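# Per-entry structural report
Take a look at the letters that make up each chain.
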Amino acid sequence: MAKAVAIIGTGQTKHGRRSDLCYPDLVREAVMIALEDAGITLKDIDGVVLGTMPSMMEGVSSTHFYFAEAMGSFGKPVMKVETCGSTGQSIGHCGFYWVASGMADIVLVVGSEKMSEGDGQAAMTTVFDPFFQRTFSAGAPGVFTMQSMEWMYRFKIPEEKGREAAAQISVSNHDNAMDNPYAHIRMRVTMDEVKKARIITYPVRLLDVCPASDGACAVIFASQEKAKKICKKPAWIKGLGFRGEEFFYGESDKSIWMSATEAAKEAYKQAGIRNPLKELDVAEIYNPFTYQEMVFYECFGFCPRGEAPNYVLKGTFTKGGELPCCPSGGTLCTNPIGATGLIRLAEAVLQVTDKAAERQVHGAKLALSHAMGGIDQFNAVTIVGSKL
Amino acid sequence: MSKEEYRIVKGQVMVPYELALGRTWSTFYDYLKEEKIMGKKCGKCSRVLVPPRSFCPRCFEDMEEWVEVSQEGVVETWVYVNMPFFGQELKIPFISAQIRLDGSDTGFTHQVAGIDLSDFDKVRETVKLGGRVKAVWSKEKKGNILDIAYFEPVK
Amino acid sequence: MAKEYRTIRNDVALPYKWALGKTWARFFDGLKEEKIRGTKCAQCGKIFVPARAFCPECFMDMTEWVEVGQEGKIITWTLVNTKYYGQVKEPPYIAATIQLAGTDCGFHHFIGGIELSDIKKVRQALKAGAKVKAVWRSEKKADIDDIEYFAPIK
């Protein structure tokens, strides 16, 4: 690893439908909270990294231009990084590399989205090429459902078992979100309600999928020296990993998903983790779809391939289980896409610095955060810990 | 905060594009006009890719060899789409699927149709993962992916 | 060879519903009443038109509203003579940066009310620093077009 890098502050907006604010002001809300959390001012920031979904989402291209004032970047170097759903993690990686290189002491990383302002699925069809794939686009639900079906088929998971486990995941995440004041969807659901909800793309139903949220998140990265000077309880970056696959769907096997598996392996190697299920205290996974969440559990080595439904039904990943997943309620309850991957990191940081309030997993010291981008194309993982 | 302050401005952004297909994809569409489905084979790893690429994504080498693949294949995965969004090209409900044609080493995206799509339960009985499908051609060829109208389940 | 240089036409049209937020909504409401209001930073004293919710330099919320005059000066201008898809005005027309008296920043708008056929005459009328005044549209929609253009004045 390069130089040690810490996270000294985080900030999130109250996510949901934020028609009360124009988009730049929403970004600023998160930045202000992060600055206060870190106990610093804009003067201390050496550089800014911004990420959002591609410009078609809100119809203003070059969001890093649009938010220049809102992210306090006047007179500072700015970088924009965009990897669709994994943007939030990619911008974190960029902030890390910037500080780790020794070229900056403190970097502000900001991710945001205002889903209420555009037609998300329509905008996302532009990710597909217009020659071969766009015609058949069924948005995110289409892709993730196809992947989940392929996984259940490959590992011979009976439909009822898959359905039961996915419903359990929905119930857990919704319960967890009740303890998160920033979450978008805060309502309890029952197994029955999940299994009978309106069909989106069979077998995926309404309560198996994430909402479209407005929200922003800001995270402040600092060098070891700076962190030790100004932060009482920094979180330390222990490992990160990122892998990409081909653009054309149908070329790689998404049921064993190389990019997710290898991104996690890389992060584990850097963090010195051999048994993730035992060694991690919390996992904030990118989980917009309940069924797909199980594919991630397997790719990250939390359980053997094909076994995720069994582990879910045993309660392994609930807040009281062996490895609590998404105590924040996850992406399933809050999804402002450009911010989402960064929110996963911020939540992991809050967990290992004992600042997660009602959603705190007691004694958490090592946490994984993750996000996925594109048409099942990119996966990014960042592991943080309380110890250097 | 009064409702009045939550002012929303409606707008539309329309942007026109004219995209170059390049030699490989132009040729692929020319073959579709003749009702042939062609892939390209990598000289190094021997994989056959449909749609064809001008280079192998794994070996990063130019792909020169054209190979005709079967018009029949296997459904690797599928999804019944009943969700509307602005500017959708196909009318809902439709079935988006990954189809691996015999002779190809990759799946490719298209639709399964030619069956009654109105009743989802009936659809589930007919369209299965691992089930076989066959290409059905559009009468009029426009030089796009819908020159193959759809893939129909084979008895 | 021509056969290989095939292109396809692909247009993307996407609908949006943008939230204005309190500050911009109030600014546009002012335009409806033929009033131009800016916000003032309590820390540095700068006045911004269009109004902003926070001072870009001090990063502080700006809550003080100030009505400014409708006259100002041209910072810079150009005669637009090219077409592009989705243009709001048919060329030729003049795009300019204008600073209203009593404010501390410029903003974009159109210059109108002058003969455009002779570029020499245009250049005479529109030197940098030339004075201009807002001309209002009769029908208002509470958007930036409620000011139809800025016209040069003696």
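As a reminder, the structure under discussion sits directly above these lines.
All figures in this text were calculated on a predicted structure; none of them were measured in a lab.

## So, the packing of helix α5 (residues 139-154) of chain A against helix α11 (residues 290-299) of chain A
Residue and element names in this part refer to chain A. The contact between α5 and α11 brings their axes to 9 Å, and the two run at 60 degrees. With respect to α11, the axis of α5 lies oblique. As for how α5 packs across α11, the hand of that crossing is left-handed. Taking contact as the criterion, the partners of Phe144, Gln147, Ser148, Trp151 and Met152 in α5 are, on α11, Tyr291, Gln292, Met294, Val295 and Glu298. For the contact of α5 with α11, the residue count by class is six nonpolar, three polar and one charged.

## Here's the deal with the packing of aromatic side chains
Applying the stated criterion across every chain yields a total of 32 aromatic pairs over all chains. Judged by centre distance (4.5 Å) and plane angle (65 degrees), the rings of Tyr23 of chain A and Phe67 of chain A are edge-to-face. Of this pair, Tyr23 of chain A sits in helix α1 (residues 23-38) while Phe67 of chain A sits in the loop between α2 (63-66) and β3 (78-80), and the two are 44 residues apart along the sequence. For the pair formed by Tyr23 of chain A and Phe67 of chain A, the shared burial category is buried. On the numbers, 6.5 Å between centres and 40 degrees between planes, the contact of Trp78 of chain B with Phe120 of chain B is tilted. Separated by 42 residues along the polypeptide, Trp78 of chain B in strand β5 (residues 72-81) and Phe120 of chain B in helix α2 (residues 120-126) bring together distant segments of the chain.

## A few points about the interface of chain B and chain A
Facing the 45 residues of chain B at the interface are 34 residues of chain A. Where chain B abuts chain A, roughly 3400 Å² becomes buried across the two surfaces, and 68% of that area is made up of carbon and sulfur atoms. Summed over the three residues of chain B that lose the most area to chain A, namely Met83, Phe85 and Leu129 of chain B, the buried surface amounts to 17% of that side. If you look at where chain B meets chain A, you find four salt bridges. Across the pair Arg53 of chain B and Glu251 of chain A runs a salt bridge whose closest N-O atoms are separated by 2.6 Å. Across the contact surface, chain B and chain A share 14 residue pairs in polar contact (both at pLDDT 80 or more). Sorting elements by how many residues they give to the side of chain B that touches chain A places β5 of chain B first, with six residues. Counted by class, the side of chain B that touches chain A contains 29 nonpolar, 10 polar and six charged residues.

## Considering the nonpolar core
Counting 49 residues, the largest nonpolar core has Ile285, Tyr297, Phe300 and Phe302 of chain A as its most contacted members. Top element by residues in this core is α11 of chain A. It accounts for six residues.

## So, the sheet that holds strand β1 (residues 5-12) of chain A
All names here are of chain A. Pairing is mixed in the open sheet, where nine strands are placed in the order β3-β2-β4-β7-β1-β8-β11-β10-β9. Both edges of this open sheet fall to β3 and β9 (282-284), since each of them pairs with a single strand only. Within this sheet the neighbouring strands show an average axis-to-axis angle of 25 degrees, counted without direction. Two strands pair when backbone bridges link them, and strand β8 (residues 235-244) and strand β11 (residues 378-385) are joined in this way by eight bridges, in the antiparallel orientation. In the strand pairing of β11, Trp236 is matched with Gly385.

## Thoughts on the interface of chain B and chain C
Each partner contributes to the interface: chain B provides 24 residues, whereas chain C provides 23 residues. Between chain B and chain C, the buried area comes to about 2400 Å², and carbon and sulfur atoms account for 57% of it. The tally of links between chain B and chain C comes to one salt bridge. We note a salt bridge from Arg7 of chain B to Asp29 of chain C, for which the minimum N-O separation is 2.8 Å.

## Comments concerning the side chain of Thr201 of chain A
Of note, Thr201 of chain A is situated in strand β5 (residues 199-201). Accessibility expressed as a relative area gives 0% for Thr201 of chain A, which makes it buried. Within polar-contact distance, the side chain of Thr201 of chain A engages the side chain of Thr145 of chain A at 2.7 Å. Apart from the residues within four sequence positions on either side, Thr201 of chain A is in contact with Pro141, Gly142 and Thr145 of chain A together with Val79, Tyr80 and Val81 of chain B.

## Let's talk about the pattern of salt bridges
Applying the stated rule across the entire model yields 36 salt bridges over all chains. In this structure, the salt-bridge partner of Glu322 of chain A is Lys278 of chain A, at a minimum N-O distance of 4.0 Å. With a gap of 44 residues between them, Glu322 of chain A in the loop between α12 (308-314) and α13 (330-333) and Lys278 of chain A in helix α10 (residues 276-279) connect regions that are remote in the sequence. Between Asp102 of chain B and Arg132 of chain B there is a salt bridge, with the nearest N and O atoms lying 2.4 Å from each other. Here Arg132 of chain B lies in strand β8 (residues 132-137) and Asp102 of chain B lies in the loop between β6 (94-101) and β7 (108-112), a separation of 30 residues in the sequence. For Arg132 of chain B, a relative accessible area of 33% translates into the label partly exposed. In this structure, a network of salt bridges that share partners links the residues Arg18, Asp20 and Glu29 of chain A.

## As for the pairing of β5 of chain B
Residue and element names in this part refer to chain B. Along β5, eight of the 10 residues are buried, which leaves the element largely enclosed by surrounding structure. The sheet contact formed by β5 and β6 spans eight bridges and is antiparallel. Residue pairing for β6: Val79 is matched across the bridge by Ser96.

Definitions and cut-offs
Residues numbered from 1 in each chain as written. Chains lettered and ligands numbered in written order. Predicted model: local features only at pLDDT ≥ 70, side-chain atom pairs only at ≥ 80, totals over all residues. Heavy atoms only, no water. Axes fitted to C-alpha atoms, helices over the stretch in contact; angles between N-to-C directions. Helix = DSSP H or I, 4+ residues; strand = E, 2+ residues; numbered from the N terminus. Parallel < 35°, antiparallel > 145°, perpendicular 65-115°, else oblique. Left-handed = near helix turned anticlockwise from the far one by under 90°. Contact = heavy atoms within 4.5 Å. Nonpolar A, V, L, I, M, F, W, Y, C, P; charged D, E, K, R; others polar. Phe/Tyr/Trp six-rings, centres within 6.5 Å; stacked < 30°, edge-to-face > 60°. Buried < 20%, exposed > 50% of the residue type's maximum accessible area, 1.4 Å probe, protein only. Buried area = accessible area lost by both parts, 1.4 Å probe. Salt bridge = Lys/Arg side-chain N within 4 Å of Asp/Glu carboxyl O. Polar contact = N/O pair within 3.5 Å; in protein donor to acceptor, adjacent residues only side chain to side chain. Core = buried A, V, L, I, M, F, W, Y, C linked by side-chain atoms within 4.5 Å. Pairing = 2+ DSSP bridges.

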